[in-house]
Amino acid sequence: MNEALFPSGPWTGFYNYRPGDRHRMDLELTFREGRMEGVGVDDIGRFVVRGRYDAESLECWWTKTYIGGHDVFYRGFREGRGIWGTWEIPPFNHGGFHIWPCTEGDALEAQEAQEASVPDALRAVRDRVAPEGRGARLSEGGWTGRFNP
C-alpha cells in the first residue's frame, strides 16, 4: 500500500546549505523491493543514486555519487509532497533537501512545495530521527552518532 508513495520515474526538487539557499536537482529514480537507484543532475554535475527505502516507515537513505567525484549521503522521510530530509558530506558539510515525483500535481503545486518551510520540515525529520536529542549521523554503513541538520 505505501509502495505507491515511492513511484519510479522523474523526480525534481532542491538541496540547500542553509534556509533559502536552493539548488535544483532533477532525478530519474527507480523504487523496487526496498531498493532505490537512479541518475540525476544538479548544479554540481551528473550523479548516480543508490540506496534503500522502507515503505512502512516511509524512511529512505541513499548515496549520491557524482561521476568522477565525491559522495553525498542522504536520509529522508516521505511526507506530504515528497521526501524531506538532510544530506551530509562528512565531516563538516550538511544541509537539507526536498524532492518530489514530477507526476505529483502541476507546476503551481511544485512551486508551492519549494516555498514550504524547509526549517520546519527539517525539525520534523530531526525529531523522527533523533527523538529527545539523541541524534544520528550518516556514515557509509548507515546512520550513527550525532545528527547535524
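Keep in mind that this is a model prediction, so the values were computed, not measured.

### Let's talk about the sheet that holds strand 8 (residues 93–101)
Spatially, the eight strands close up into a barrel ordered 1-2-3-4-5-6-7-8, and their pairing is antiparallel. Direction aside, the axes of adjacent strands within the sheet are offset by 30° on average. As paired strands, strand 7 (residues 83–89) and strand 8 are joined by seven bridges and run antiparallel to one another. Across the sheet, the residue bridging to T86 is G96, located in strand 8.

### Overview of the side chain of D42
Within the secondary structure layout, D42 lies in strand 3 (residues 35–42). Within the local environment of D42, its side chain forms a polar contact with the side chain of K64, the two groups lying 2.8 Å apart. In contact with D42, other than residues within four places in its own chain, are Y15, R24, M25, F47, K64 and Y66.

### Examining the confidence of the model for the protein chain
Within the protein chain, residue pLDDT values average 79, and 68% of them lie at 70 or more. Under a pLDDT of 50 for its full length, residues 106–111 has, in the predicted model, three contacts with residues more than four places off or in other chains. Within the model, the stretch residues 128–149 combines pLDDT values under 50 with 51 contacts to residues more than four positions away or in other chains.

### With respect to the packing of aromatic side chains
Counted according to the given criterion, the structure contains eleven aromatic pairs. When the ring of Y74 is compared with that of F97, the centres are 5.0 Å apart and the planes differ by 70°; the resulting orientation is edge-to-face. Of this pair, Y74 sits in strand 6 (residues 71–78) while F97 sits in strand 8, placing them 23 residues apart in sequence. Accessibility assignment for this pair places Y74 and F97 in one class, buried. Pairwise contacts between aromatic rings join F6, W11, F31 and Y53 into one cluster. A cation over an aromatic ring shows up here: K64 above the ring of Y15, its NZ or CZ 4.9 Å from the ring centre. Note that K64 overlies the ring of F47, its terminal NZ or CZ placed 4.6 Å from the centroid.

### Looking at the nonpolar core
In terms of nonpolar packing, the biggest core is built from 22 residues, with W62 and I99 touching the most fellow members. Of all the secondary-structure elements, those providing two or more residues to this core are strand 1 (9–16), strand 2 (23–32), strand 4 (46–54), strand 5 (59–66), strand 6, strand 7 and strand 8. In terms of residue count, the dominant contributor to this core is strand 2 (four residues). If sequence neighbours within four positions are ignored, W62 has contacts with M36, V49, R50, G51, V72, F73, Y74, I83, F97 and I99.

### Here we look at the environment of R46
By the secondary structure assignment, R46 is in strand 4. Taking the C-alpha atoms as reference points, R46 and Y66, separated by 20 residues in sequence, lie 5.8 Å from one another. Beyond its immediate sequence surroundings of up to four residues, R46 is in contact with G40, V41, T65, Y66 and I67.

Definitions and cut-offs
In this convention, every chain numbers its residues from 1, walking through the sequence in written order. Thresholds applied to this predicted model are a pLDDT of at least 70 for local features of residues and 80 or more for the giving and counting of side-chain atom pairs; totals over whole chains, interfaces and linings are not thresholded and use all residues. Note that the side-chain values use all heavy atoms of the structure and ignore hydrogens as well as water. Being paired, for any two strands, means DSSP has found at least two bridges between them. For helices the rule is a DSSP run of H or I covering at least 4 residues; for strands it is a run of E covering at least 2, with both sets numbered from the N terminus onward. The axes are straight lines fitted to the C-alpha atoms, using for helices just the contacting stretch, and the angles between their N-to-C directions are given from 0 to 180°. Polar contact is the term for a pair of N or O atoms within 3.5 Å; when the atoms are in protein, one must be able to donate a hydrogen and the other to accept it, and sequence-neighboring residues count only if both atoms are side-chain atoms. Between two residues, a contact is recorded if the distance between any of their heavy atoms is within 4.5 Å. A residue's pLDDT is the predictor's confidence in that residue, given on a scale from 0 to 100. Here is the rule: rings of Phe, Tyr and Trp (six-membered ring for Trp) pair when centre to centre is within 6.5 Å. Planes less than 30 degrees apart are stacked, more than 60 are edge-to-face, and the remainder are tilted. Residue burial is assigned from relative accessible area. The probe radius is 1.4 Å, only protein chains are included, and a residue is buried under 20% of its type maximum, exposed over 50%, and partly exposed in between. In this scheme, Lys NZ or Arg CZ marks a charge over a ring once it lies within 6 Å of the ring centre and within 35 degrees of the ring normal. For our purposes a nonpolar core is just a set of buried Ala, Val, Leu, Ile, Met, Phe, Trp, Tyr and Cys residues, chained together by side-chain atoms within 4.5 Å.

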